Structures are given as C-alpha cells and as structure tokens.
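Each chain is listed here by its residues.
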Amino acid sequence: MKKTHIFIIAIIAIAAGIILSTTADASVYVLFGEARQRAAEGNATKVHVVGRLPRDGQNHPVGLQYDPMVDPNYFAFTLMDSTHVSQRVVYNNPKPQDFETSEQVVITGAMHNGTFVADNILLKCPSKYVKKELKGTEVATK
C-alpha cells in the first residue's frame, strides 16, 4: 500500500471515531414521564427536559432550595414540563445566576430514586431588550 492510502485510511478512522464518540454522548429531549419510565427500565442514559418554574401570585418561583452557608453545591427546585408534570430536581453545583428570572429551563441529567439529578442547567432568560414607552413612542432599550 502506498503511504497516501494509509494516510487516507487513518483520516477516515479518526473521523469515524470522532463521530461515534459525539453521537454516543448525545442525549434526547423527553418529558418527565418518559424520564421516569427510562429509570424504571434501568436505562441510566442522560436526557434533556425542557420546563418552566412554577410561580406564585407575585410571579416568584416556588420550591427553590439553596443555602450557600449550609452547602454551596446543593441546589434543589421544582420544574414543570410542557405537560404540566412537576418534578423535583437536584443540581449538585451552585445556583445559576438569574435563575429566578428565567422564562424556560433546560436540564440535562437522569432520574435517580424519584428525583431528577441534573448535571447541567441552561436558562432562557427574558429578553434584555425591553420595550419602553418614551414620550408616546416605543423605544427598545438594554
């Protein structure tokens, strides 16, 4: 075999290895019901769940538990998926900044003993561009 053939085969093998390693680590988007079902079946693969924080009458999120003086790496909260199923979520890291103001939360993790243990939290915060009325005209501000 020529050196160019060996080089091409090596490049193809490296590309295949990269593709397989990235697809093996990919997780799917599910609802809490499916996450519970996967855990009951013994499937411990990580999943993404998209949800919103339940809020009280004053629009404050309910069910947040974070005390950095006791344990700065323990944050627990309740998340409601798109089918309005609520689930307790534990995140073993500090609470993300602006968590209370987020419109939507995406968590990555798996169910363990009836609790969703999150490895990662992504927040969709309200737009920083808010329309304000200035002397009869609407102006977008930061």
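Note that this is a predicted model, so its numbers are computed, not measured.

**Thoughts on the packing of aromatic side chains**
Under the criterion given, the structure shown has 5 aromatic pairs. Here the aromatic rings of Phe75 and Phe99 are separated by 4.9 Å at their centres, their planes lie at 90 degrees, and the arrangement is edge-to-face. Within this pair, whereas Phe75 is found in strand S4 (residues 75-81), its partner Phe99 is found in the loop between strand S5 (86-91) and strand S6 (104-112), the two being separated by 24 residues in sequence. Side by side, Phe75 and Phe99 carry an identical accessibility label, which is buried. Put simply, the rings of Tyr66, Phe75, Phe77 and Phe99 touch in pairs and so form one group of aromatic residues.

**With respect to the pairing of S6**
In terms of burial, S6 is a largely internal element, 7 of the 9 residues being buried. Relative to strand S7 (residues 115-124), S6 is paired through 9 bridges, and the arrangement is antiparallel. Residue pairing across strands places Met111 opposite Phe116, the latter belonging to S7. Hairpin connection between S6 and S7: a loop of 2 residues separates the two successive antiparallel strands, and Asn113 in this loop has a positive phi of roughly 55 degrees.

**Focus on unusual backbone geometry**
Both trends apply: most residues other than glycine have a negative phi, and most peptide bonds are in trans. For His84, which is not glycine, the phi dihedral falls at a positive 65 degrees. Counting through the fold element by element, His84 comes out in the loop between S4 and S5. Taking relative accessible area as the criterion, His84 reaches 61% and is therefore assigned exposed. Within the chain, Asp98 stands out as a residue other than glycine whose phi angle is a positive 60 degrees. Inspection of the secondary structure puts Asp98 in the loop between S5 and S6. Given a relative accessible area of 43%, Asp98 falls into the partly exposed group.

**Comments concerning the side chain of Thr78**
Positionally, Thr78 belongs in strand S4. Take Thr78: its relative accessible area is 19%, and that puts it in the buried class. A distance of 3.2 Å separates the side chain of Thr78 from the side chain of Arg88, its partner in a polar contact. Those residues within four positions of Thr78 in sequence are excluded, and the remaining contacts are Leu53, Pro54, Val62, Gly63, Ser86, Gln87 and Arg88.

What counts and how
Residues numbered from 1 in each chain as written. Predicted model: local features only at pLDDT ≥ 70, side-chain atom pairs only at ≥ 80, totals over all residues. Heavy atoms only, no water. Phe/Tyr/Trp six-rings, centres within 6.5 Å; stacked < 30°, edge-to-face > 60°. Helix = DSSP H or I, 4+ residues; strand = E, 2+ residues; numbered from the N terminus. Buried < 20%, exposed > 50% of the residue type's maximum accessible area, 1.4 Å probe, protein only. Pairing = 2+ DSSP bridges. Polar contact = N/O pair within 3.5 Å; in protein donor to acceptor, adjacent residues only side chain to side chain. Contact = heavy atoms within 4.5 Å.

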